[in-house]
Amino acid sequence: MTDSRHAELPPEPEPLPIPVVDNHCHLDIGRDGPAAEVADQVSAATRVGVNRLVQIGCDRESARWTVGILDDHPALLGGVAIHPNEAPRHAAAGELEEALTEIEQLAAHARVRVIGESGLDYYRTGPDGVGAQHESFRAHIEIAKRTGLALQIHDRDAHEDVLRILAEEGPPERVVLHCFSGDMEMARECVRRGYYLSFAGTVTFKNARDLRNALAVTPLEHLLVETDAPYLTPSPHRGQTNAPYLVPHTVRAMAATLNVAVPTLCEALSANSEAVYGPW
């Protein structure tokens, strides 16, 4: 990614010894300017051992964009959903059912392997939007079950309700807690239920001791890694634009917390990704 618009991006880290998957990124979103070209983002990631990506479209426009690029980039699989912060807007306009129908239609594409990110966000959406978020989340759970796809969950300040609604609806076969933000108790409960926990750059932050404690009690077979690019850039580049090629920083931090060798963790992350999403 040598375009002058993206000169502020951090340098490439040392490549990982075994390739892994960035299981949640937004290649269509720019943070401090236009997003880099998809091919450039994929190439940069591949050079450092991140050779497969899951591109997430979390509103109608980005879901369409996601489906439109999948056939041109073999390194990508896709996810489609209405983000919980979008659900109240659609509900207020009387368009939530229509939006959910389109998501299920887009999910029919063979390279879409995820319904998500859906879930609950009580940080950005106030009490008036909670009902629409619950309705949308329950609908996405059902879509994931009907389509047989994995469900990726966005959970911000809503841990108890996310777990409660999953239990009430009955989860799909494969559930991923995207950008896991819970504590040790929640991590243990998610593992007990058979869910996967995906850790982002936040686990590298100095003040994230509780998150690292949650990681420490999560078995290797339940772990995934992600960027949530262009957000949540890992240390030592926190505050700059994130991209899939920065995953190695998070992987190495995870390995240190878990006290396992980096190749061992890489093998687990790769195997878990294919168990959740299937082959690329």
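Remember, it's a predicted structure, so these values are computed and weren't measured experimentally.

Chemist: So what about the overall build of the chain? Which residues, and what values?
Modeler: What the chain contains, in helices and strands, is ten helices and eight strands. Taking 19 Å as the expected radius of gyration for a compact globule of 280 residues, we find that the chain reaches 17 Å, a close match to that expectation. The principal-axis extents of the C-alpha atoms in the chain amount to approximately 50 × 40 × 35 Å. Evaluated residue by residue, the chain yields a buried proportion of 57% over its 280 residues. Partitioning the contacts of the chain with sequence separation of at least 6, the portion at a separation of at least 24 is 74%. Accessible surface computed for the chain: about 11400 Å², of which carbon and sulfur atoms make up 48%.

Chemist: Can you lay out the side chain of T125 for me, pointing to particular residues and giving the numbers?
Modeler: Note that T125 resides in the loop between β4 (112-121) and α5 (130-147). Its relative accessible area of 12% is what places T125 among the buried residues. At 2.8 Å, the side chain of T125 and the side chain of N85 are in polar contact. Here the side chain of T125 touches Q133 through a polar contact of 3.1 Å, side chain to side chain. Dropping the residues within four chain positions of it, T125 is found in contact with P84, N85, P88 and Q133.

Chemist: Which residues make up α5, and what values go with them?
Modeler: For α5, built from 18 residues, the straight-helix expectation of 26 Å at 1.5 Å per residue is met to within 8% by its first-to-last C-alpha distance of 26 Å. Residues of α5 that are buried include every one of A132, Q133, H134, S136, F137, A139, H140, I141, I143 and A144, and no others. Packed against the buried residues of α5 are α3 (87-92), α4 (96-106), β4, β5 (150-156) and α6 (159-169). Just beyond α5, the residue with positive phi is G148, at close to 75°.

Chemist: How would you sum up the pairing of strand β1 (residues 20-25)? Please name residues and give values.
Modeler: Counting buried residues in β1 gives six out of six residues, a clear majority hidden from the surface. Between the parallel elements β1 and strand β2 (residues 50-57), the chain passes through helix α1 (residues 38-47) in a crossover that is right-handed.

Chemist: So what's going on with unusual backbone geometry? Which residues, and what values?
Modeler: Between A229 and the following residue, P230, the backbone shows a cis peptide bond with an omega angle of 15°. Position of P230 relative to the elements: it lies in the loop between β8 (223-225) and α9 (247-258). Across the junction of S235 and P236, the peptide omega takes the value 15°, indicating a cis bond. Residue position: P236 is located in the loop between β8 and α9. The phi dihedral of C179 falls on the positive side, at around 45°, and the residue is not glycine. With respect to the helices, strands and loops of the structure, C179 is situated in the loop between β6 (175-177) and α7 (184-193).

Chemist: Which residues make up helix α8 (residues 209-216), and what values go with them?
Modeler: For α8, the set of buried residues is L211, A214 and L215. Mapping the buried residues of α8 onto a view down its axis gives an arc of 100°, with all of them on the same face. Structural note: α8 exposes R209 and D210 on the side pointing more than 90 degrees away from its buried face. Of the surrounding secondary structure, the elements contacted by the buried residues of α8 are α7, β7 (196-199), β8 and α9.

Chemist: Outline empty space enclosed by the protein, listing residues and values.
Modeler: Counting across every chain of the model gives two cavities of 30 Å³ or more. What the second largest cavity holds in volume is close to 30 Å³. Taken together, D155, H159, L177, H178, C179, F180, S181, G182 and M186 make up the lining of the second largest cavity. When its residues are assigned to classes, the lining of the second largest cavity shows four nonpolar, four polar and one charged.

Chemist: Which residues make up the packing of aromatic side chains, and what values go with them?
Modeler: Evaluation of the coordinates by the stated rule reveals two aromatic pairs. Measuring from ring centre to ring centre gives 6.5 Å for Y277 and W280, while their planes differ by 90°; the resulting arrangement is edge-to-face. Looking at Y277, the relative accessible area reads 3%, which means it is buried. Note that R52 overlies the ring of W280, its terminal NZ or CZ placed 5.7 Å from the centroid. Its end group placed over the ring of F205, R238 keeps NZ or CZ at 3.7 Å from the ring centre.

About the cut-offs
- Residues numbered from 1 in each chain as written.
- Predicted model: local features only at pLDDT ≥ 70, side-chain atom pairs only at ≥ 80, totals over all residues.
- Heavy atoms only, no water.
- Helix = DSSP H or I, 4+ residues; strand = E, 2+ residues; numbered from the N terminus.
- Rg over C-alpha atoms; globule rule 2.2 N^0.38 Å.
- Buried < 20%, exposed > 50% of the residue type's maximum accessible area, 1.4 Å probe, protein only.
- Contact = heavy atoms within 4.5 Å.
- Areas by Shrake-Rupley, 256 points an atom, 1.4 Å probe, with all protein chains shown as cover.
- Polar contact = N/O pair within 3.5 Å; in protein donor to acceptor, adjacent residues only side chain to side chain.
- Expected span 1.5 Å × (residues − 1).
- Right-handed = clockwise from strand over helix to strand, strands pointing away.
- Arc of directions from axis to C-beta.
- 1 Å grid on protein atoms, 1.4 Å probe; cavity = no way out; pocket = protein on both sides within 12 Å on 5 of 7 lines; lining within 4 Å.
- Points joined across faces, edges and corners; volume = space filled by probe spheres on them.
- Nonpolar A, V, L, I, M, F, W, Y, C, P; charged D, E, K, R; others polar.
- Phe/Tyr/Trp six-rings, centres within 6.5 Å; stacked < 30°, edge-to-face > 60°.
- Lys NZ or Arg CZ within 6 Å of the ring centre and 35° of its normal.

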